[in-house]
Amino acid sequence: MSKGTRAKYVVGNWKMNQTLDQVNSFFCDLYDLKADCHIWIAPQSVHIAPSIKATENSAFKIGGQNCCEHNNGAFTGEVSPHALKDLGAEFVIIGHSERREIYGESHALLNAKVRKALDNNLTVIFCIGETLEQRESDSTNTVLANQLSQGLKGLGQLSPKQIVIAYEPVWAIGTGKTATPQMAEDAHKFVRSQLSELGLAKDEISILYGGSVKPSNAKELFAQPNIDGGLVGGASLNPNDFKALTELFT
Ligand code: PGA
């Protein structure tokens, strides 16, 4: 399967930003947006329900930024994947570098979260990426291979509807520094080769780039043969920038 037939995405990761007014105003501005790519937004969890309501019958799909590895029980403060699905969420981001680094989420925990999210029929956007130190010590590929093999352990039969990979070099997230299109493409190509090592359909699974993506740098990034769209933080908060990113696919 060539790039042309793989699903394309612009996914907004709003992190812990936006007031309810800003959420409603974003979706009001872009309610009629149509694009030749999936347009997905992951608001903070308290804004998932109002976001689903605000995007009813639109092209947007709403998802979570994280979920628990359990469906219910005594896990104060956690977000249940079952409750996400029940609410109408379609996907969940798992393994974002902020979860790995700030909250110390281990490979084993991430694998358990991926499994539970899949059990609930949520599409998983599984994030991987190297730190600057790892890149400078030439261990990028080892790090990526390890994150994939541990995080997706035992999940060889996944379909492209169940899993999307996001390659996000940690040094490019929120820093204004972007990987050059060639650096990103090299990493994506490597990630694709690793998917087949894990028994996954490497040519069918979409791989998104993330890390300071904005309209001014996305065109070249999205044009790379192994890049199927973006996981976008800062620029996705602005409706004009988000729309401009989706227009790169029309
Ligand atoms: P950024 O964030 O676009 O603000 O760098 C991307 C992400 O963390 O998903």
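Right above here is the structure, for reference.
This one's a predicted model, so the numbers in the text were calculated from it and none came from an experiment.

As for the sheet that holds strand β4 (residues 91-94)
A barrel is described by the order of its strands in space; here eight strands give the closed sequence β1-β2-β3-β4-β5-β6-β7-β8, paired in parallel fashion. In this sheet, adjacent strand axes meet at a mean angle of 25° when their direction is disregarded. When strand β1 (residues 9-13) meets strand β8 (residues 229-232), the two strands line up parallel, connected through four bridges. Directly across from tyrosine 9, in β8, lies its bridge partner glycine 229. The sheet strands contacting helix α1 (residues 20-30) are β2 (38-42) and β3 (60-64), and the helix crosses β3 at an angle near 155°.

With respect to unusual backbone geometry
One non-glycine residue with positive phi stands out, namely lysine 15, at about 50°. By secondary structure assignment, the location of lysine 15 is in the loop between β1 and α1. The phi torsion at asparagine 57 lies on the positive side, around 60°, for a residue other than glycine. For asparagine 57, a relative accessible area of 76% gives the class exposed.

Observations concerning the site of the ligand
In the neighbourhood of the ligand, 14 residues make up the surrounding shell, with Lys15, His96, Glu168, Gly174 and Ser212 lying closest. In the model, an oxygen atom of the ligand is placed 2.7 Å from a nitrogen or oxygen of the lysine 15 side chain. Backbone polar atom of serine 212 to an oxygen atom of the ligand: 2.7 Å apart, as the coordinates give it. For the shell around the ligand, a count of residues per class yields five nonpolar, seven polar and two charged.

Conventions adopted
Residues numbered from 1 in each chain as written. Predicted model: local features only at pLDDT ≥ 70, side-chain atom pairs only at ≥ 80, totals over all residues. Heavy atoms only, no water. Pairing = 2+ DSSP bridges. Helix = DSSP H or I, 4+ residues; strand = E, 2+ residues; numbered from the N terminus. Axes fitted to C-alpha atoms, helices over the stretch in contact; angles between N-to-C directions. Contact = heavy atoms within 4.5 Å. Buried < 20%, exposed > 50% of the residue type's maximum accessible area, 1.4 Å probe, protein only. Near = heavy atom within 4 Å. Polar contact = N/O pair within 3.5 Å; in protein donor to acceptor, adjacent residues only side chain to side chain. Nonpolar A, V, L, I, M, F, W, Y, C, P; charged D, E, K, R; others polar.

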